[in-house]
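# Secondary and tertiary structure notes
One-letter residues, chain by chain:
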Amino acid sequence: MPEHDKQKEAKKCYPEIPQKTEGFYLKGCGSLDWGMKNRMGRIFNSESGRTVMLAIDHGYFQGPTSGLERVDLNILPLIPYADTLMLTRGILRTIIPPSVTQSIVLRVSGGSSILKELSNEDIAVDIEDTIRLNACAMAVQVFVGGEYERQSIINMTKMVDMGTRYGIPTLAVTAVGKDMKRDARYFRLATRICAELGAHYIKSYYVEDGFETVAASCPVPIVMAGGKKIPELDALTMAYKAIQEGAAGVDMGRNIFQSEAPVAMIQAVNAVVHKNESPEKAFEMYNTLKNEG
Ligand code: R5P
């Protein structure tokens, strides 16, 4: 090859610049396959490394929950401020416009209602339907210490295996029985069991005492569960503390859609999660937006 052609080739290949090998920004996710990482990346913002998941899946065991009676009227306006929607395939197909760009975390466990033992769940969605719906993760309830503990854990491991075949992550949702103590010891146990058995990220409640030990001893990202409705400033404070103590985001439902001003509340939560806004400032923001709206 003539000398000038060689130089031309060398120029096009940039031999002096080594190819960048990017790491991955989410805890414990470095060894996942490309599809898994890409889906996790659609749930967790790559700049903040965090997510605001809007949980509206309550109907799968308790019917038309207060605030979710009309998802079309009450929830659609919140979507622009969420990174991810956590919901059932029924609501997704019937109400959510396919043009939404937010990632979808599909509720795939079910089979019980508030009228009976809640932990008696099974896998309630075929993996093919999850793929068809272009979901970025599958959510499975895990009842550590519950009556159907084993069954719910095996539901989760089955989804991890199936999801791994197709590059779809599994979110383990730790569910605490009514009579069980919600403390750091319990959540360290529950979240760690889920992670050890393959869950790609885990939803855990916040506890005042020792949440940082829950987050630190769990090798994959944790998102904070919202729980029952509390005053807005308290909910923002809880989200702030969880984030500062190691959570990679929130998965909140009632504390957003049952708020007096849900659109304002989700924006305030978003600021706490992605911008480290203090609870006081975020509450101010909530009030301003509420009064404007
Ligand atoms: C239950 O455990 C489900 O995951 C819920 O339906 C939901 O995600 C709970 O959200 P929140 O407690 O914030 O209303």
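Our subject is the structure that appears above.
### What about the site of the ligand?
Taken together, 15 residues surround the ligand, and among them His-58, Gln-141, Lys-203, Gly-253 and Arg-254 come closest. Within the side chain of Gln-141, an N or O atom sits 2.6 Å from an oxygen atom of the ligand. Take Arg-254: an N or O atom from its side chain is 2.8 Å from an oxygen atom of the ligand. Protein chains shield 95% of the accessible area of the ligand, which is 380 Å² for the free molecule. If you map the ligand onto the pockets, it falls in the largest pocket. Considering only residue class, the shell around the ligand consists of five nonpolar, five polar and five charged.

### Here we look at unusual backbone geometry
Of note, the phi angle at Asn-134 is positive, near 60 degrees, even though the residue is not glycine. Turning to its location among the elements, Asn-134 is positioned in the loop between helix H6 (127-132) and strand E6 (137-142). According to the relative accessible area criterion, Asn-134 is exposed, its value standing at 51%. Positive phi, close to 55 degrees, is recorded for Asn-276, a residue that is not glycine. With respect to the element layout, Asn-276 can be found in the loop between helix H12 (262-275) and helix H13 (279-292).

### Quick word on the pattern of salt bridges
By the definition in use, this model includes twelve salt bridges. Residues joined in a network through salt bridges with shared partners are Arg-89, Arg-93, Glu-128, Asp-129 and Arg-132.

### Things to note about the pairing of strand E8 (residues 201-204)
Along E8, one buried face is formed by Tyr-201 and Lys-203 and the opposite face, lined by Ile-202 and Ser-204, is buried too. Where strand E7 (residues 170-174) meets E8, three bridges bridge the pair, whose relative direction is parallel. The residue of E8 that forms the bridge with Ala-172 is Ile-202. Taking the sense of rotation as the criterion, the β-α-β connection linking E7, helix H8 (residues 184-196) and E8 turns out right-handed.

### Some details on the packing of aromatic side chains
Counting across every chain of the model gives seven aromatic pairs. Consider the rings of Phe-187 and Tyr-205, whose centres lie 6.1 Å apart with planes at 50 degrees: the pair is tilted. Of the two residues, Phe-187 sits in helix H8 while Tyr-205 sits in the loop between E8 and helix H9 (211-216), which places them 18 residues apart along the sequence. Taking the relative accessible area as the measure of exposure, Phe-187 reaches 0% and is therefore buried. With a relative accessible area of 18%, Tyr-205 lands in the buried category. For the ring pair Tyr-206 and Phe-211, a centre distance of 5.0 Å and an interplane angle of 45 degrees mean the geometry is tilted. The residues Tyr-206 and Phe-211 share a single accessibility class, namely buried. Here the aromatic residues Tyr-186, Phe-187 and Tyr-205 are joined through ring pairs into a cluster of three or more. The residue whose ring lies beneath Arg-182 is Tyr-205, and the NZ or CZ to ring-centre distance is 4.2 Å.

### Here we look at the sheet that holds strand E1 (residues 51-55)
A barrel is described by the order of its strands in space; here eight strands give the closed sequence E1-E2-E3-E6-E7-E8-E9-E10, paired in parallel fashion. Geometrically, the sheet is characterised by an average inter-axis angle of 25 degrees between neighbouring strands, direction not taken into account. Sheet analysis places strand E3 (residues 103-107) next to E6, joined by three bridges and oriented parallel. Bridge pairing links Arg-107 to Ala-139 in E6. Where helix H7 (residues 149-166) meets the sheet, its contacts fall on E6 and E7, and the angle it forms with E6 comes to roughly 165 degrees.

What counts, and where the lines are drawn
Residues numbered from 1 in each chain as written. Predicted model: local features only at pLDDT ≥ 70, side-chain atom pairs only at ≥ 80, totals over all residues. Heavy atoms only, no water. Near = heavy atom within 4 Å. Polar contact = N/O pair within 3.5 Å; in protein donor to acceptor, adjacent residues only side chain to side chain. Areas by Shrake-Rupley, 256 points an atom, 1.4 Å probe, with all protein chains shown as cover. 1 Å grid on protein atoms, 1.4 Å probe; cavity = no way out; pocket = protein on both sides within 12 Å on 5 of 7 lines; lining within 4 Å. Sits in = over half its atoms within 2 Å of the grid points. Nonpolar A, V, L, I, M, F, W, Y, C, P; charged D, E, K, R; others polar. Helix = DSSP H or I, 4+ residues; strand = E, 2+ residues; numbered from the N terminus. Buried < 20%, exposed > 50% of the residue type's maximum accessible area, 1.4 Å probe, protein only. Salt bridge = Lys/Arg side-chain N within 4 Å of Asp/Glu carboxyl O. Pairing = 2+ DSSP bridges. Right-handed = clockwise from strand over helix to strand, strands pointing away. Phe/Tyr/Trp six-rings, centres within 6.5 Å; stacked < 30°, edge-to-face > 60°. Lys NZ or Arg CZ within 6 Å of the ring centre and 35° of its normal. Axes fitted to C-alpha atoms, helices over the stretch in contact; angles between N-to-C directions. Contact = heavy atoms within 4.5 Å.

Honestly, that's just the spatial picture; any functional story needs more than this.
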